[in-house]
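# Observations on the model geometry
Residues per chain are reported as follows:
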Amino acid sequence: MDRLTVKAPAKLNLSLDVCGVREDGYHILKMIMQTIDLCDYVTVATNQKGSITIRCDRADVPLDNQNIAYRCAAAFFEETQILNCGVEIDIQKHIPSQAGLGGGSADGAATLVALNELFDAGLSKEELCDIGVACGADIPFCIMGGTMLAEGVGDIFTPLPSLPEDCWFVVAKPGVGISTAEAYRAYDQKGARHRPDHDQLVAEIVSGNLEQLGQSMHNVLEEAVRADFVQPLKQAMDAAGALGSMMTGSGSAVFGLFDNKRKASRCENQLEDCADQVFLCQPLEHGAVICKEN
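Every chain is numbered on its own, with residues counted from 1 as its sequence reads. With the structure being a predicted model, the display of local features is reserved for residues of pLDDT at least 70 and the display and counting of side-chain atom pairs for 80 or more, all residues being used for whole-chain, interface and lining totals. Side-chain figures throughout are based on the complete set of non-hydrogen atoms in the structure, without hydrogens or water.

We call a residue buried when its accessible area falls under 20% of the maximum for its residue type, exposed when it is over 50%, and partly exposed in between, using a 1.4 Å probe and counting protein chains only. In this text, helices come from DSSP runs of H or I with a minimum length of four residues, and strands from runs of E with a minimum of two, each type numbered from the N-terminal end. Inspection of helix α5 (residues 180-190) places A183, Y184, A186 and Y187 among the buried residues, and these make up the whole buried set. The buried side chains of α5 occupy one side of the element, clustering within an arc of 150° when seen end-on. Whether two residues are in contact is decided by their heavy atoms: any pair within 4.5 Å suffices. On the buried face of α5, the contacting elements are β1 (3-21), β2 (27-46) and α8 (220-225). For this analysis, a polar contact is any N or O atom pair within 3.5 Å, provided that within protein one partner can donate a hydrogen and the other can accept it, and provided that sequence-adjacent residues contribute only side-chain to side-chain pairs. Where α5 begins, the side chain of S179 points an oxygen toward the backbone nitrogen of A181, at a separation of 3.3 Å. Note: the arc covers the axis-to-C-beta directions of the helix.

Put into structure tokens, the structure is as follows:
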């Protein structure tokens, strides 16, 4: 049996704007995305059973074709015309679900990276993205990773400079989740009064100005959803010295941006009583990456 393990980083949206809706119902987006060192671990092994099997250490994760990793594996074999001798996908979850952190997409991206290596398919990252986007709009970014301006449905990228080394994030996940479909439905009904200025955001990332970046971050879905748990978490982060705070993606996780580890650690400790899960994170320069090979 051949197997390998892939590290699957979560993502944050430093901005998110909805620019329209395609005929197929997908929203056209413009956003700045960042991978962070909060990661799932996906181990993929080959066998001779001729089927795709999913295992996971979290009971609420589906183990059939509702799982994004399963769909990515099926799409990989269909696209490459490689005979599926059988694969087992074992997912160790650390990224919360229904949080806007891209956990399912990260697992799907990791599965594609693993299968490409195990079956010696020789596909480029771009070709893996082409397979993945049909399974989930965030999968291409979870393959590419780093700091990116993303457009289209989230599959057209402009690489941006890495965030400074002194950049820290505190990510808080409340006890409730938000369905991605519900978040976009709320936006379609209510819209948003404010939109992020992406030219300004890109300039602040290029200059490494974290303070200005924190003030410029904006997510139109946060404005549309108006969940009652968002503001208390943001206020607590801001009071602890965050340069800015925002809901990521379609929620429900909220994050604060810091340029000081001591302040970020203090904020992490203060939030433990008012959030279900709290994580102290730093940005990564990569997406799904092989971390162990047996």
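Right, picking up where we left off after that structure.
On to the packing of helix α2 (residues 103-118) against helix α3 (residues 125-132). Each axis is a line fitted through C-alpha atoms, and for a helix only the stretch in contact is used; angles between axes span 0 to 180 degrees, taken between their N-to-C directions. Running from amino to carboxyl end, α2 crosses α3 at an angle of 125°, the nearest separation of the two axes being 10 Å. Taken together, the axes of α2 and α3 lie oblique to each other. Classified by chirality, the crossing of α3 by α2 is right-handed. Contacts between α2 and α3 involve L112, V113 and N116 from the former and L128, I131 and G132 from the latter. Angle categories: roughly parallel below 35 degrees, roughly antiparallel above 145, roughly perpendicular from 65 to 115, and oblique for all the rest. Less than a right angle of anticlockwise turn of the near helix away from the far helix marks a crossing as left-handed, whereas a clockwise turn marks it as right-handed.

This next bit is on the environment of D40. Assignment of secondary structure puts D40 in strand β2. For the pair D40 and A264, spaced 224 residues apart in sequence, the C-alpha separation works out to 22 Å. Separated by 2.6 Å, the side chains of D40 and K93 make a polar contact.

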